[in-house]
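Here's the letter readout for the chains.
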Amino acid sequence: MSIGLKNEFGKIEISNDVIAQAAGGAAVECYGIVGMASRHQIRDGLTDILRKETFTKGVIVRNVGDDLHIDMYVIIGYGTKITEVAYQVQSKVKYTLSKLLGMTVGSVNIFVQGVRVTNL
């Protein structure tokens, strides 16, 4: 699927994969995020952290009306406050996508798939 935008110059089609890549990139920049995880870790056989090329398996993009709704599956670093990290990810993703696309982001839902010990 893709999202279509119209302006005075014509039509712009943005793929959901591009939106997922942008959202995943914004999320991993936040403090406390170790990486993205697959939505179906057992079925996909991915118990590791997703690399940049596969962020789309950890981000679900839904378009409802004029709003975007994002579901993100993340792995958080041990010792960080999960609620604060999730709030920061929500804020950063919402800001990044609204500036990048010019669309309203209705919700950013965070699903914590695991906690990892990292070298700080």
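Source: prediction; values computed, not measured. (Residues numbered from 1 in each chain as written. Predicted model: local features only at pLDDT ≥ 70, side-chain atom pairs only at ≥ 80, totals over all residues. Heavy atoms only, no water.)

Trainee: When you look at the overall build of the protein chain in this model, what are you seeing that I'm missing?
Mentor: Of regular secondary structure, the protein chain possesses three helices and six strands. Along its sequence from the N terminus, the protein chain presents helices and strands in the succession β-β-α-β-α-β-β-α-β. The burial tally for the protein chain puts 38% of its 120 residues in the buried class. When the accessible surface of the protein chain is totalled, it reaches about 7,300 Å², and 52% of it is carbon and sulfur. (Helix = DSSP H or I, 4+ residues; strand = E, 2+ residues; numbered from the N terminus. Buried < 20%, exposed > 50% of the residue type's maximum accessible area, 1.4 Å probe, protein only. Areas by Shrake-Rupley, 256 points an atom, 1.4 Å probe, with all protein chains shown as cover.)

Trainee: What exactly am I supposed to notice about the pattern of salt bridges here?
Mentor: Oppositely charged side chains can pair when the atoms bearing their charge come close. What the rule picks out here adds up to three salt bridges. A salt bridge links Glu 29 to Lys 92, with the shortest nitrogen-to-oxygen separation between them at 2.9 Å. With Glu 29 in the loop between α1 (16–28) and β3 (33–36) and Lys 92 in helix α3 (residues 82–101), this residue pair connects regions lying 63 residues apart in the sequence. In this structure, the salt-bridge partner of Arg 62 is Asp 71, at a minimum N-O distance of 3.1 Å. (Salt bridge = Lys/Arg side-chain N within 4 Å of Asp/Glu carboxyl O.)

Trainee: How should the environment of Gly 35 be read in this particular structure?
Mentor: Relative to the elements of secondary structure, Gly 35 occurs in strand β3. Note on Gly 35: relative accessible area 2%, which makes it buried. Along the backbone, Gly 35 and Gly 24 are eleven residues apart, and their C-alpha atoms lie at a distance of 8.7 Å.

Trainee: Hey, could you run me through the pairing of strand β4 (residues 59–64) in this one?
Mentor: Where a strand is regular, its side chains alternate between the two sheet faces. Looking at chain direction, β4 and strand β5 (residues 67–77) are connected through six bridges and run antiparallel. Note on β5: the bridge partner recorded for Val 59 is Met 72. Linking two consecutive strands that pair antiparallel, namely β4 and β5, is a turn of two residues; a positive phi of about 65 degrees is found at Gly 65 within it. (Pairing = 2+ DSSP bridges.)

Trainee: So what exactly am I meant to see when it comes to the environment of Tyr 78 here?
Mentor: Within the secondary structure, Tyr 78 is located in the loop between β5 and α3. Residue Tyr 78 is classed as exposed on the basis of its relative accessible area of 59%. Sequence-wise, Tyr 78 and Arg 116 are 38 residues apart; in three dimensions their C-alpha atoms are separated by 5.4 Å. Contacts of Tyr 78, omitting those with residues within four sequence positions, involve Val 115, Arg 116 and Val 117. (Contact = heavy atoms within 4.5 Å.)

Trainee: Quick question: what am I supposed to make of the side chain of His 69 here?
Mentor: Mapped onto the fold, His 69 is located in strand β5. Exposure remark for His 69: the relative accessible area of 16% places this residue in the buried category.

Trainee: So what exactly am I meant to see when it comes to the nonpolar core here?
Mentor: Side chains that are nonpolar tend, in soluble globular proteins, to be buried together. Judged by nonpolar contacts, the single largest core of 28 residues is most densely connected at Ile 19, Val 59, Ile 70, Met 72, Val 89, Val 93 and Leu 97. Sorting the residues of this core by element identifies α1, β3, β4, β5, α3 and β6 (104–116) as the ones contributing at least two each. The contact partners of Leu 97, leaving out residues within four places of it in the chain, are Ile 19, Ala 22, Ala 23, Ile 70, Gly 102 and Val 105. (Core = buried A, V, L, I, M, F, W, Y, C linked by side-chain atoms within 4.5 Å.)

Trainee: Sorry, what's going on with α1 here?
Mentor: In an α-helix, one turn spans 3.6 residues; hence positions three or four apart end up facing the same way. In this model, α1 (13 residues) spans 18 Å end to end at C-alpha, consistent with the 18 Å of a helix rising 1.5 Å per residue. Of the residues making up α1, those classed as buried are Asn 16, Ile 19, Ala 20, Ala 22, Ala 23, Gly 24, Gly 25, Ala 26 and Ala 27. Structurally, the start of α1 carries an N-cap: the backbone nitrogen of Asp 17 is 3.2 Å from a side-chain oxygen of Ser 15. (Expected span 1.5 Å × (residues − 1). Polar contact = N/O pair within 3.5 Å; in protein donor to acceptor, adjacent residues only side chain to side chain.)

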